[in-house]
Amino acid sequence: MTRAADTTNRAVARACPVTVLGLGAMGSAIARSFLDRGHPTTVWNRTAAKADALADAGATAVPTAADAVAASPLVVVALLDGTAVEQVMTSVGTAITGRTLVNVTSGSPSQARANERWAREHGAAGYIDGNIMGHPPCMGTQNILLTFSGSGSSFAAHEGTLRELGTVTYHGEDPGAAAVEFLAQVATSYELLIGYLHTLRLLRAEGADLAGFTDRFGASLAGYPALLTSMVRAVESGKYGPDLGSLDVQAALMDDLIGHRESLGVESVRMREVKKLMDRRIADGHGHQGFSGLFELLAPQGEA
Ligand code: NAP
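The chain has the name NAD(P)-dependent oxidoreductase in an unreviewed UniProt entry, where Streptomyces xanthii is given as its organism.

Put into structure tokens, the structure is as follows:
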């Protein structure tokens, strides 16, 4: 046996058998990634034909989710939504006993905690909740981000296998914590990107160069980590320095931003919302503070 073949064989011998439930775009990419790294891989999908290509590539396709779960100590679930997870896991029942369940179906923190209770009550070795940011073709590269939380001992036992899928962060024992992180990351992106789309509308109305602006804005994002760090420090300490300048000065600029948008018939609702918050903060005597002080006005009703 050549040295290279021997090394490959030992890697395969070490690779933990895995099961993947759900072979949509994401589940198929996960199963393919495990196969590529030499894991004995068992797959199941509601529509059985979706397992064919993976079976051709070496996966074992089985007729029921319970059969698939029985085949491996590590079970990865990638289904459409929480309802699908509930239905499939109900069909699995106590076959989960002794298995580690890793659910990477996007969901809420409360769904994750309910799944953990279900797994515990059915004798699972552990429950890990996961959420994925990135495109299925990037699975198995560092360009896909996976957040995990839940059983620390299960995560430690399977960390090596899970890290093969992409860039992994572990958020602690609370099974809901990965979903909290995921929803926060996704929400921040949407807030940023809707502002970007509004701005493209404005630029188009002005006949400006959209691509050139995008390049310059993209380059300016390099300055954001330092700004965000100073803002989170202000929020955590409650001491709001004049970040981005004082609110007194920023509020005047907001009038220009809103006026510019309205003069072109471009939506200005979000800018008006920001201006309203600034005005309230100034009226409360905080005009010398910065933008981060608006945090004080964003508390849910009844909360300080
Ligand atoms: P998808 O391609 O639409 O696949 C959905 C999967 O769920 C299929 O295997 C489907 O089975 C199965 N399914 C749906 N309802 C079911 C039910 N009631 N019982 C059993 N199986 C059911 O979705 P996906 O892109 O793989 O997404 C899977 C998860 O990854 C989602 O939570 C998604 O948010 C997350 N995610 C996806 C992406 C992405 O770009 N695709 C990126 C990040 C995160 P059938 O084949 O039988 O219909």
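**Student:** Honestly, unusual backbone geometry in this entry has me stumped. Any pointers?
**Tutor:** With glycine set apart, most residues show a phi of negative sign, and most peptide bonds adopt trans. Positive phi outside glycine occurs at Leu244, with the angle close to 65°. When you line up the elements, Leu244 lands in the loop between α10 (224–237) and α11 (247–263). On the basis of relative accessibility, which here comes to 52%, the residue Leu244 falls in the exposed class.

**Student:** Got a minute to help me understand the sheet that holds strand β7 (residues 145–150) in this structure?
**Tutor:** Sheets are built from strands paired through backbone hydrogen bonds, the pairs being either parallel or antiparallel. The strand order across the open sheet formed by eight strands is β3-β2-β1-β4-β5-β6-β7-β8, and the pairing between neighbours is mixed. Edge positions in the sheet fall to β3 (60–61) and β8 (167–170), since each has one partner strand and no second. Relative to β7, strand β6 (residues 126–133) runs antiparallel, the two sharing six bridges. Bridge pairing in β7 links Gly130 to Phe148. Sheet strands in contact with helix α7 (residues 152–163) are β1 (18–21), β4 (74–77), β5 (100–103), β6, β7 and β8, and its direction is about 170° off that of β8.

**Student:** Is there a simple way to explain the UniProt feature "domain: NADPH-dependent reductive aminase-like C-terminal" (unreviewed entry) in the chain in this structure?
**Tutor:** Listed under "domain: NADPH-dependent reductive aminase-like C-terminal" (unreviewed entry) in the UniProt record, and renumbered for this structure, are residues 174–298. Between the C-alpha atoms that bound residues 174–298 the distance is 26 Å, and the span itself is 70% helix and 0% strand.

**Student:** What is the right way to read the site of the ligand from this model?
**Tutor:** Near the ligand lie 19 residues; those nearest to it are Asn45, Thr47, Lys50, Gln87 and Ser106. At 2.5 Å, a side-chain N or O of Thr47 approaches an oxygen atom of the ligand. Interatomic distance of 3.1 Å between a backbone N/O atom of Leu80 and an oxygen atom of the ligand. Its atoms largely coinciding with the cavity grid, the ligand occupies the second largest pocket. If you list the elements that add at least two residues to the shell around the ligand, you get α2 (25–36) and α5 (82–92). If one sorts the elements of the shell around the ligand by residue count, α5 sits on top with three residues. For the shell around the ligand, the per-class residue count stands at nine nonpolar, eight polar and two charged.

Each value, and the rule that gives it
- Residues numbered from 1 in each chain as written.
- Predicted model: local features only at pLDDT ≥ 70, side-chain atom pairs only at ≥ 80, totals over all residues.
- Heavy atoms only, no water.
- Helix = DSSP H or I, 4+ residues; strand = E, 2+ residues; numbered from the N terminus.
- Buried < 20%, exposed > 50% of the residue type's maximum accessible area, 1.4 Å probe, protein only.
- Pairing = 2+ DSSP bridges.
- Contact = heavy atoms within 4.5 Å.
- Axes fitted to C-alpha atoms, helices over the stretch in contact; angles between N-to-C directions.
- UniProt positions renumbered as here; feature names shortened; annotations may be inferred.
- Near = heavy atom within 4 Å.
- Polar contact = N/O pair within 3.5 Å; in protein donor to acceptor, adjacent residues only side chain to side chain.
- 1 Å grid on protein atoms, 1.4 Å probe; cavity = no way out; pocket = protein on both sides within 12 Å on 5 of 7 lines; lining within 4 Å.
- Sits in = over half its atoms within 2 Å of the grid points.
- Nonpolar A, V, L, I, M, F, W, Y, C, P; charged D, E, K, R; others polar.

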